[in-house]
Every structure is written in C-alpha cells, then in structure tokens.
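One letter stands for each residue in the lines below.
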Amino acid sequence: MKILVINCGSSSIKYQLFDMERTAALASGLVERIGEAEGRITHHRLTGAHPRTVTLDAPIADHHAGLTRMADLIMDPEVGVIAAPVELAAIGHRVVHGGERFSASTIIDDEVIDAIQALSPFAPLHNPPNLAGIRVARKLFPRAVQVAVFDTAYHQTLPAAAYRYAIPTEFYEEHGIRVYGFHGTSHHYVARLAARHLDIPFNHFNAITLHLGNGASMAAVENGRSVDTSMGFTPLAGLIMGTRSGDLDPAVVYFMGTRLGFSFEEIDRILNKESGLLGLCGVNDLRDIERRREAGDAAATLALDMYAYRIKKYIGAYIAALGRVDALVFTAGVGENSLLVRELVCTGLDLLGVTLDAEKNATAARGQLSEIQAADSRVKVLVAPTNEELEIANQTLAVVRKT
Ligand code: ADP
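Please read all numbers here as calculations on a predicted model, not as lab measurements.

Caption draft 1: Spatial organisation of the pattern of salt bridges. Using the criterion set out here, one finds 14 salt bridges in the structure. Between Glu111 and Arg101 there is a salt bridge, with the nearest N and O atoms lying 3.3 Å from each other. Linking Glu111 in helix 2 (residues 110-118) with Arg101 in the loop between strand 6 (88-95) and strand 7 (106-107), this pair joins segments that are ten residues apart in sequence. Glu111 sits in the partly exposed class, given a relative accessible area of 48%. Overall, the relative accessible area of 43% leaves Arg101 in the partly exposed class.

So, in structure tokens, the structure goes:
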C-alpha cells in the first residue's frame with residue numbers, strides 16, 4: 001500500500017511517498033517559494049538501482065500549481081515512483097490545529113474541511129495552507145482516502161488542570177483560549193520509539209520528550225498519554241526557540257503596546273520572529289551559536305545558558321508532574337545533534353535521577369536511537385530520531401485500516 005504525506009505551508013510544500021509494506025520512503029520533495037517570482041522544486045527518487053534528484057526552477061503560482069508539479073514528478077516515467085493516481089491508497093495531510101474537536105487523526109470529508117476552516121483563527125498562518133493542500137489533493141487524487149493528522153491531537157489528553165489558563169472562564173468557554181500544544185506527532189512518535197526500545201508497554205511508559213528544533217517544545221507523557229506540554233494556545237509559549245521568546249510575563253506585551261507604542265502586529269512579529277536565540281545573540285542557528293560560544297562570545301554564551309536553563313526548569317516541573325520518569329527523550333535538529341545542549345540541560349540533575357555518560361553523549365550516532373545515560377542514572381536518557389512524515393503515514397494507515 002502506498003501513502004503520500006503532504007505538509008503544506010504558506011509558501012512551501014513538503015511531501016514524502018511511502019511504501020507501507022516495507023515502511024520505506026520511495027520519494028520525497030520540497031516545493032519552495034510558492035507565489036514568488038522564483039520558485040523551486042526539489043524531488044528525490046529514493047528507490048531503485050539509481051536514486052535520483054531533480055531540481056526545477058520556475059515560478060509556482062499557488063498551491064494548485066505546486067501540487068500539480070509534485071503529482072507529475074511522482075508519476076514521471078524517469079524519476080517517479082508510481083504510474084497512476086490510483087496507486088496511491090491514501091494521502092496523509094499534516095494539519096496544525098485540530099482544536100478540541102480532533103483528538104485523533106481522521107478521514108477528511110466536507111464536514112471535516114469546514115471544521116478545519118473554522119479553526120483557522122487559532123492558526124491563521126497554518127490551517128489555511130493546510131486546507132489548500134487538502135482541496136487540491138482531493139481533486140488530483142480523487143480515489144485516495146484523504147486523512148488529516150493534527151499537531152495538536154496528541155495533547156488532547158491533557159487534564160484541565162494543565163490546559164486551562166487562570167483567566168476568566170468565559171475566555172475558555174466562549175473563545176476556546178486554553179493550552180493546545182503542538183509537535184504532537186513528533187512527541188507521540190519518539191515516545192513510542194523509546195518505549196519499544198526500552199521494552200516497556202506504551203500504556204505504562206512515563207517520559208519527558210524534548211523536541212528541540214527551530215521550534216521547540218516538551219511533553220510530559222504518562223502511561224503513553226500527553227499530560228502536559230510547554231507550548232500553549234499558540235507555539236509561542238514555553239521554551240526559548242530560534243526566533244520565539246517562549247514564556248514571558250504577559251504584562252510585557254501590555255508595556256510594549258502602551259508605553260513603547262508598538263502595535264499588536266509589531267509585537268506579534270517581535271515575539272515570534274525577532275526574539276529567542278536570534279534576539280539574544282543575533283543568530284538563530286544553534287551551530288553558529290555553539291561556534292560563537294566556543295570563541296568566547298558573551299551574548300552567544302548567555303543565549304545558550306538561557307536556552308538550556310529554560311529546558312531544565314521544564315524537566316524539573318515535569319518530573320514533579322509525573323512522579324516516575326522512565327526516560328528523557330531528546331529529538332529534532334538540536335536534540336539529536338547538539339551534545340553541548342544535552343550536556344548543559346542534564347548537568348546538575350543527578351538528584352532528580354538523571355546522569356549523563358559524557359562519552360556516550362559525545363558518540364551518540366546520528367539518525368539512530370541511542371542511550372546516553374550513566375550506568376547509575378535512574379532515568380534513561382535517549383536520543384531518538386524523529387520522523388514526522390513517517391508518523392503521519394503510520395497514522396494515515398491506521399485510519400484507513402479502521403474503515
Ligand atoms: P525545524 O523545526 O525547522 O524542523 P529542525 O528540527 O531541523 O528544525 O532543527 C533545526 C535546528 O537544529 C537548527 O537550529 C540547527 O542549528 C540545529 N542543528 C542541526 N544540526 C545541528 C548540529 N550538528 N549541532 C547543533 N545544532 C544543530
């Protein structure tokens with residue numbers, strides 16, 4: 001059975017086509033700069049005797065044009081991997097916001113489309129392009145089952161004590177203002193990977209998952225279910241990220257507006273795009289920050305210390321929330337690659353049962369699941385490669401099988 005995974009952003013489309021019998025990616029690609037003067041499509045055929053990459057530079061007017069090109073490439077006699085649309089059993093769509101309505105992946109029908117549309121005010125940059133992808137894919141592949149996989153769904157098991165904000169109840173009841181949490185697909189995927197590796201049944205598995213990429217969030221997982229997470233009503237909350245501030249006294253927003261004269265739009269831009277590591281030291285790529293720190297740059301050193309300190313505080317909080325923790329699971333670009341961040345984060349947590357093995361931390365192989373805790377560490381510390389596309393494909397398959 002072949003499943004295509006589509007992740008439609010406002011100006012880009014990422015796709016991957018899987019053969020689910022072999023759990024193998026057959027093709028992947030990226031459509032970039034949709035709607036701009038210069039567009040680009042990079043397509044990889046990953047299968048066969050000769051894996052191939054093609055790059056096409058041409059303007060891509062809109063999502064319809066981008067997905068049509070993608071469809072041509074995956075069915076191309078030279079670089080394609082299917083011969084006709086009917087070969088695709090299903091398409092899994094990443095949808096960022098599923099609100100309280102969607103606690104699991106679901107088959108897309110007109111009513112689900114309306115619901116995703118109705119949730120757009122909660123994710124104005126994401127849900128509309130996600131929907132555009134869904135609409136075009138239904139036209140291009142009318143025989144494929146279309147499934148929506150939500151970033152928020154895994155966190156729908158949070159208890160009210162964790163998801164409510166202490167503001168007047170009507171803001172929750174009438175306007176839906178609460179913690180939703182994001183990166184759920186990744187948290188769920190690496191938590192299951194870790195449980196399987198440690199041979200603990202998932203419904204008995206307690207863990208703290210750390211998705212540290214450009215965006216970053218943590219989740220407290222109790223008996224396989226998410227019971228708390230660091231992002232909130234939007235992905236701005238929680239950890240310090242590449243360009244997002246993370247947690248902040250909300251009165252700072254008030255002060256920026258009333259005393260400093262910034263508009264809501266400007267404050268939104270400052271906190272989402274100009275803050276975090278970028279705002280602290282001028283760059284947001286962690287590799288650059290590590291190099292600067294190495295060279296003695298004070299701003300980079302402080303940025304990294306703040307970044308790690310915030311994570312550490314959340315670990316303490318989630319150990320308190322969970323009581324028993326089987327594993328800390330590091331994942332995503334920074335979590336999988338930065339031994340320095342893992343070291344800064346775990347140093348001083350011995351009393352909480354977390355002790356790293358410096359050697360294992362330094363030699364954890366990329367792209368593989370590794371244990372990096374010391375022999376006497378009560379809590380296992382894992383580095384686990386996340387794969388959101390594969391998880392979307394898995395979820396899509398599970399939904400298709402249920403029908
Ligand atoms: P996204 O959230 O865009 O999917 P990723 O999960 O790919 O992001 O993570 C991107 C981040 O990972 C970047 O900040 C990058 O600096 C960091 N990163 C990637 N490789 C390394 C590395 N070898 N060492 C430190 N950081 C790394």
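Picking up after the structure, the text goes on.
Caption draft 2: Region of interest: the pairing of strand 11 (residues 225-229). Most of strand 11 is tucked away, with four of its five residues classed as buried. Bridge count between strand 10 (residues 216-222) and strand 11: four bridges; the pairing is antiparallel. Bridging from a neighbouring strand, Ala220 pairs with Asp228 of strand 11. Taking the residues that link successive antiparallel strands as the turn, the strand 10-strand 11 hairpin has two residues, and the phi of Asn223 there is positive, at about 50°.

Caption draft 3: Structural detail: the packing of helix 7 (residues 251-258) against helix 8 (residues 264-273). At a minimum axis separation of 10 Å, helix 7 and helix 8 run at an interaxial angle of 130°. As far as their axial angle goes, helix 8 and helix 7 are oblique. Seen along the crossing, helix 7 lies across helix 8 with a hand that is right-handed. Across the interface between the two elements, Val253, Met256 and Gly257 of helix 7 pack against Ile267, Ile270 and Leu271 of helix 8. In the contact of helix 7 with helix 8, the residues fall into five nonpolar, one polar and no charged.

Quick notes on the rules
- Residues numbered from 1 in each chain as written.
- Predicted model: local features only at pLDDT ≥ 70, side-chain atom pairs only at ≥ 80, totals over all residues.
- Heavy atoms only, no water.
- Salt bridge = Lys/Arg side-chain N within 4 Å of Asp/Glu carboxyl O.
- Helix = DSSP H or I, 4+ residues; strand = E, 2+ residues; numbered from the N terminus.
- Buried < 20%, exposed > 50% of the residue type's maximum accessible area, 1.4 Å probe, protein only.
- Pairing = 2+ DSSP bridges.
- Axes fitted to C-alpha atoms, helices over the stretch in contact; angles between N-to-C directions.
- Parallel < 35°, antiparallel > 145°, perpendicular 65-115°, else oblique.
- Left-handed = near helix turned anticlockwise from the far one by under 90°.
- Contact = heavy atoms within 4.5 Å.
- Nonpolar A, V, L, I, M, F, W, Y, C, P; charged D, E, K, R; others polar.

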